[in-house]
Amino acid sequence: MALTSPLQIYDTLARGVIPFRPPAGKKVTMYTCGPTVYAPAHIGNLRTFVVSDWWRRTLEWSGYQVESAMNVTDVDDKTIKGSREAGLPLAGFTNQYEKTFFADLESLNVERSDIVPHATEYIKNMIEMIKVLLAKDFAYQADDGIYFRIAKVKGYGALAQLKNQPSDDKETPSDFALWKFWDEADGEVSWEAPFGDSLANKAGKGRPGWHIECSAMIRAVLGDTIDLHLGGTDLIFPHHTNEIAQSEAVTGQPLARHWLHIAFVNMAGGKMAKSEGNTITLADIINHGFSPLAYRYWLLSAHYRTLMNFSWDALESSAIALKKLQNRIADLTTVQHSVLDKVGTPIIEYLNKFTEAINNDLNLPVALSIVWELLDDHNFAPENTLVTILEFDKILGLDLISATQPLAIPSEVAQLLADRESARGAGDFARADSLRQQITTAGYTVDDTSDGPKLRKI
Ligand code: AMP
Ligand code: ZN
């Protein structure tokens, strides 16, 4: 795609919008901190993964070959607690939520990451890193586990600018567990490890801390330095701060060239969190009669660094707008067919404008407004407009290609439509109205246009 301006991103470490600095060559590695699979993901979690998908598409649009990874946190305090409460083995418990999670991503049109490492498959890698940290004196053994010594890291907490923040308890940095020795609350969950003295803790048997999981998986699947690391804003501290401390203490290399954080989705009245008991899932959205892509469209309405307040009214407006967009695409397709299926050429002027918007730290609200601007700009042949918008959809991911497919009209609906036309022709408007009602009940609307009646799916 034509590059108008270089890609700029807001880098949390730099605290500003800076040019994306890829290494030499066209390959880019990205890692997104994935879900903790102990409950269904809520729509706030899902925003992180939709935005991550938009970044991946943007990098590809810019001509990079992207290698992406997103982990699954399938062992931590919450998964262990949940599995014990449910009376299920850990893997059986986490599998069900993992399945739902990936089904959610699929219906949101989020492309699956190239690599999906599971924490439980990389325990050896975690142990290896902890051994190095112990050997370098960045870690020490306590009664209940192995801890990371933050005092040994110069500039600890730079990502979170810890020194500039008022510190309450949660914000106060402290040494954190790399490995937790087994205790009863862990039940069946433990791995052998060469730490500690064998009497006190059964030869170090235990499980990893959450932060070391990501450090070890990143290193194992993408290498010592990745190009882009993503996650929700809540991960800046402590999770990403500690990932940096551990990984860099082991490798001596920067963990990530760029750090990118995605703002939360809140409920109109406050935080959305499992702990607050006010989460909304994609299943709730579907049960309210909305398509998952209406949620994706709603996410386009704010910049990814802006906090969004979810409301059903706002989602409804997005659903209506998406439907309108699909109808406009269908209309363009009809016109295109009537001009003998001419293959269009993308309109450079609009491609450039769109690229400008996404290259400006992924300004998707502006990019979306350019779609509508083009639809209202009648200076271009419909086939060119169509092809340009389908090009934009490579980033937006709204599955607009589906709107170009001819509508498969069931024969009974076609019959109702034909009967309605005859009733109208005969001046029997009461019958025509009743037939229209039946068509609506069957899930279609009729627009009477100058080219005759047009059916659309509701
Ligand atoms: P978790 O499953 O809790 O580990 O979270 C998965 C991802 O969702 C992480 O990147 C979190 O930062 C992110 N996240 C958690 N809560 C929200 C929220 N309310 N809005 C947006 N992202 C969130
Ligand atoms: Zn992580």
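Residues numbered from 1 in each chain as written. Chains lettered and ligands numbered in written order. Predicted model: local features only at pLDDT ≥ 70, side-chain atom pairs only at ≥ 80, totals over all residues. Heavy atoms only, no water.

Undergrad: Requested: an account of the packing of aromatic side chains, with residues and values cited.
TA: Counted according to the given criterion, the structure contains 16 aromatic pairs. Relative to tyrosine 64, the ring of phenylalanine 20 lies with its centre 5.7 Å away and its plane at 75°, an arrangement referred to as edge-to-face. Separated by 44 residues along the polypeptide, phenylalanine 20 in the loop between strand 2 (16-19) and strand 3 (27-32) and tyrosine 64 in the loop between helix 1 (43-61) and strand 4 (65-70) bring together distant segments of the chain. This pair shows no difference in class: phenylalanine 20 is buried, exactly as tyrosine 64 is. Taken together, a centroid distance of 6.1 Å and an interplanar angle of 15° make the contact between phenylalanine 290 and tryptophan 312 stacked. In this pair, phenylalanine 290 sits in the loop between helix 8 (282-287) and helix 9 (292-300) while tryptophan 312 sits in helix 10 (residues 312-338), placing the two residues 22 residues apart along the sequence. With relative accessibility at 27%, the residue tryptophan 312 sits in the partly exposed group. Taken together, the aromatic side chains of Phe290, Tyr295, Trp298, Phe310 and Trp312 make up a single cluster linked through ring pairs. Above the ring of tryptophan 182, the side-chain terminus of lysine 205 is found at 4.9 Å from the ring centroid. A cation over a ring is seen here: arginine 305 above tyrosine 304, with NZ or CZ 6.0 Å from the ring centre. (Phe/Tyr/Trp six-rings, centres within 6.5 Å; stacked < 30°, edge-to-face > 60°. Helix = DSSP H or I, 4+ residues; strand = E, 2+ residues; numbered from the N terminus. Buried < 20%, exposed > 50% of the residue type's maximum accessible area, 1.4 Å probe, protein only. Lys NZ or Arg CZ within 6 Å of the ring centre and 35° of its normal.)

Undergrad: Provide a residue-level description of the site of ligand 1, including the pertinent values.
TA: In the region of ligand 1, 16 residues are neighbours, and Thr36, Gly44, Asn45, Asp234 and Val265 sit closest. Residue threonine 36 places a side-chain N or O atom 2.8 Å away from an oxygen atom belonging to ligand 1. Within the side chain of aspartate 234, a nitrogen or oxygen atom sits 2.3 Å from an oxygen atom of ligand 1. Protein chains bury 92% of the 490 Å² of accessible surface belonging to ligand 1 in isolation. In terms of residue count, helix 1 provides more of the shell around ligand 1 than any other element does, 4 residues in total. For the shell around ligand 1, the class distribution of residues is 8 nonpolar, 7 polar and 1 charged. (Near = heavy atom within 4 Å. Polar contact = N/O pair within 3.5 Å; in protein donor to acceptor, adjacent residues only side chain to side chain. Areas by Shrake-Rupley, 256 points an atom, 1.4 Å probe, with all protein chains shown as cover. Nonpolar A, V, L, I, M, F, W, Y, C, P; charged D, E, K, R; others polar.)

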